[in-house]
Amino acid sequence: MPNSLSKSLLIAFMSATLMLTVGCSTPRTKPATVTDRVSPLPEPTPPGYYRVKKGDTLARIALDHGQAPRDVAQWNTAANPSFNPNIIEVGDLVLIKAPAGPKPAKAVDTKPASAKADEPAPEPTKPEIVAEPGIRLSWPAKGKVIAEFSETTKGIDIAGKVGEPVLAASDGKVVYAGNSLRGYGNLVIVKHDNTYLTAYAHNSKLIVKEGDAVRKGQKIAEMGDTDTTSARLHFELRVNGKPVNPTPYLQ
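None of the values given here were measured: they were computed from a predicted structure.

Conventions used here
Residues numbered from 1 in each chain as written. Predicted model: local features only at pLDDT ≥ 70, side-chain atom pairs only at ≥ 80, totals over all residues. Heavy atoms only, no water. Buried < 20%, exposed > 50% of the residue type's maximum accessible area, 1.4 Å probe, protein only. Helix = DSSP H or I, 4+ residues; strand = E, 2+ residues; numbered from the N terminus. Pairing = 2+ DSSP bridges. Polar contact = N/O pair within 3.5 Å; in protein donor to acceptor, adjacent residues only side chain to side chain. Contact = heavy atoms within 4.5 Å. Salt bridge = Lys/Arg side-chain N within 4 Å of Asp/Glu carboxyl O. 1 Å grid on protein atoms, 1.4 Å probe; cavity = no way out; pocket = protein on both sides within 12 Å on 5 of 7 lines; lining within 4 Å. Points joined across faces, edges and corners; volume = space filled by probe spheres on them. Nonpolar A, V, L, I, M, F, W, Y, C, P; charged D, E, K, R; others polar.

J.: Can you help me understand the pairing of strand E7 (residues 186-191) in this one?
T.: Residues in a regular strand point their side chains to alternate faces of the sheet. With respect to burial, E7 is a largely interior element, six of its six residues being buried. Along E7, one buried face is formed by Asn-186, Val-188 and Val-190 and the opposite face, lined by Leu-187, Ile-189 and Lys-191, is buried too. Strand direction decides the pairing type here: strand E6 (residues 172-178) and E7, joined by five bridges, are antiparallel. Looking across to E7, one finds that Lys-173 is bridged to Lys-191. Judged from the five bridges that link them, E7 and strand E8 (residues 196-203) form a sheet pairing that is antiparallel. Note that in E8 the partner of Lys-191 across the bridge is Leu-197. Linking two consecutive strands that pair antiparallel, namely E7 and E8, is a turn of four residues.

Given below as structure tokens:
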């Protein structure tokens, strides 16, 4: 009898062990819980602003949007007194258009009603029609064009010798003179109006400074090889900040 009981207990124990083993080895039929790690969508950029990307500088942002770096710095400082034009971080919003000024207060007419009745009614003011400004550029340097315009070059390269004169292609105002734009070396940017600006890169010496008014054909720099492999002038024409082929505009 004791032997029979022992055998029964042994058989029961082995059966339970077998069932536990089979249960543990059975594959799962439901998928494991997955944690959604997809990064949230970037916030939309408000109109009139630019969101800073890796490698951007304020001067580069201004050039790419047809603005003077000094103006962009002033607009952002006025909107945010803690704004530092020398320290911008990826994801920052930079104002790239002049902020709308306050509307002028409406003048109060203090004339008596009788006087107004005797005066002739003023003619309605016709809206001012401003035609798209055109521009004709003179060649900024003498030499052979060694690189044509493309989406990559954004301008043309004119070969020459170090020290040869670089000339303003049209009347305008110097809005940048320095070397903070990587790949351009010593650079001059001239703004001609609200539509057009020209850029002159790789100079050995800058003759003008920010704020200077220049005339067409005036010497503004000397050709060089800064940030490039040989003496040349890299010349760009920007229309509303967008680089276009300057060759059709050159005379």
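J.: Explain the side chain of Asn-76 here, please?
T.: Among the secondary structure elements, Asn-76 is positioned in helix H3 (residues 69-79). Within the structure, the side chain of Asn-76 is placed 2.7 Å from the backbone nitrogen of Leu-95, a separation counted as a polar contact. Apart from the residues lying within four places of it in its own chain, the contact partners of Asn-76 are Phe-83, Leu-93, Val-94 and Leu-95.

J.: What is the right way to read the pairing of strand E11 (residues 219-222) from this model?
T.: In this sheet, E11 lies alongside strand E5 (residues 165-167) in antiparallel orientation, the contact comprising three bridges. Bridge assignment links Val-166 to a residue of E11, and that residue is Ala-221. When strand E9 (residues 205-206) meets E11, the two strands line up antiparallel, connected through two bridges. Note that in E11 the partner of Lys-205 across the bridge is Glu-222.

J.: Explain the pattern of salt bridges here, please?
T.: Opposite charge on two side chains allows them to pair when their charged atoms are near. All told, the structure shown has seven salt bridges when counted by the stated rule. For Arg-215, the salt bridge identified is with Asp-171, shortest N-O distance 3.4 Å. In this pair, Arg-215 is assigned in the loop between strand E10 (213-214) and E11 and Asp-171 in the loop between E5 and E6, connecting sequence segments 44 residues apart. A salt bridge links Arg-238 to Glu-236; its shortest N-O distance comes to 3.0 Å. Its relative accessible area of 0% is what places Glu-236 among the buried residues. Because the salt bridges share partners, they merge into one network encompassing Asp-64, Glu-236 and Arg-238.

J.: Sorry, what's going on with the sheet that holds E9 here?
T.: Neighbouring strands of a sheet are bound in pairs by backbone hydrogen bonds; such pairs are parallel or else antiparallel. Spatially, the three strands line up as an open sheet ordered E5-E11-E9, and their pairing is antiparallel. Strands at the two margins of the open sheet, each flanked by one partner only, are E5 and E9.

J.: Looking at this structure, I do not really get the layout of surface pockets. What am I missing?
T.: Think of a ball as big as a water molecule: rolled over the atoms, this probe shows where empty space is left. Here the largest pocket defines a volume of roughly 330 Å³. Lining the largest pocket are 19 residues, and of these Thr-57, Leu-58, Ala-59, Pro-85 and Asn-86 sit closest to its centre. Listed by contribution, the elements that provide at least two residues to the lining of the largest pocket are helix H2 (58-64) and H3. Residue contributions to the lining of the largest pocket peak at three residues, all from H3. Looking at the lining of the largest pocket residue by residue, the classes come out as nine nonpolar, four polar and six charged.

J.: Is there a simple way to think about unusual backbone geometry in this case?
T.: What is expected of a backbone is that most residues other than glycine have negative phi and most peptide bonds are trans. In this structure, His-202 is a non-glycine residue whose phi angle is positive, near 75°. Within the secondary structure, His-202 is located in strand E8. By relative accessible area, His-202 is classed as buried at 6%. With a phi close to 55°, Asn-240 is a non-glycine residue in the positive phi region. Position of Asn-240 among the secondary structure elements: in the loop between strand E12 (232-239) and strand E13 (242-244). With a relative accessible area of 54%, Asn-240 lands in the exposed category.

J.: What should I look at first to understand the environment of Trp-75 in this one?
T.: Checked against the element boundaries, Trp-75 lands in helix H3. In this structure, the C-alpha to C-alpha distance between Trp-75 and Ile-96, residues 21 residues apart in sequence, is 8.1 Å. Leave out the neighbours within four places in its chain, and Trp-75 touches Gln-67, Leu-95, Ile-96, Lys-97, Ala-98 and Pro-99.

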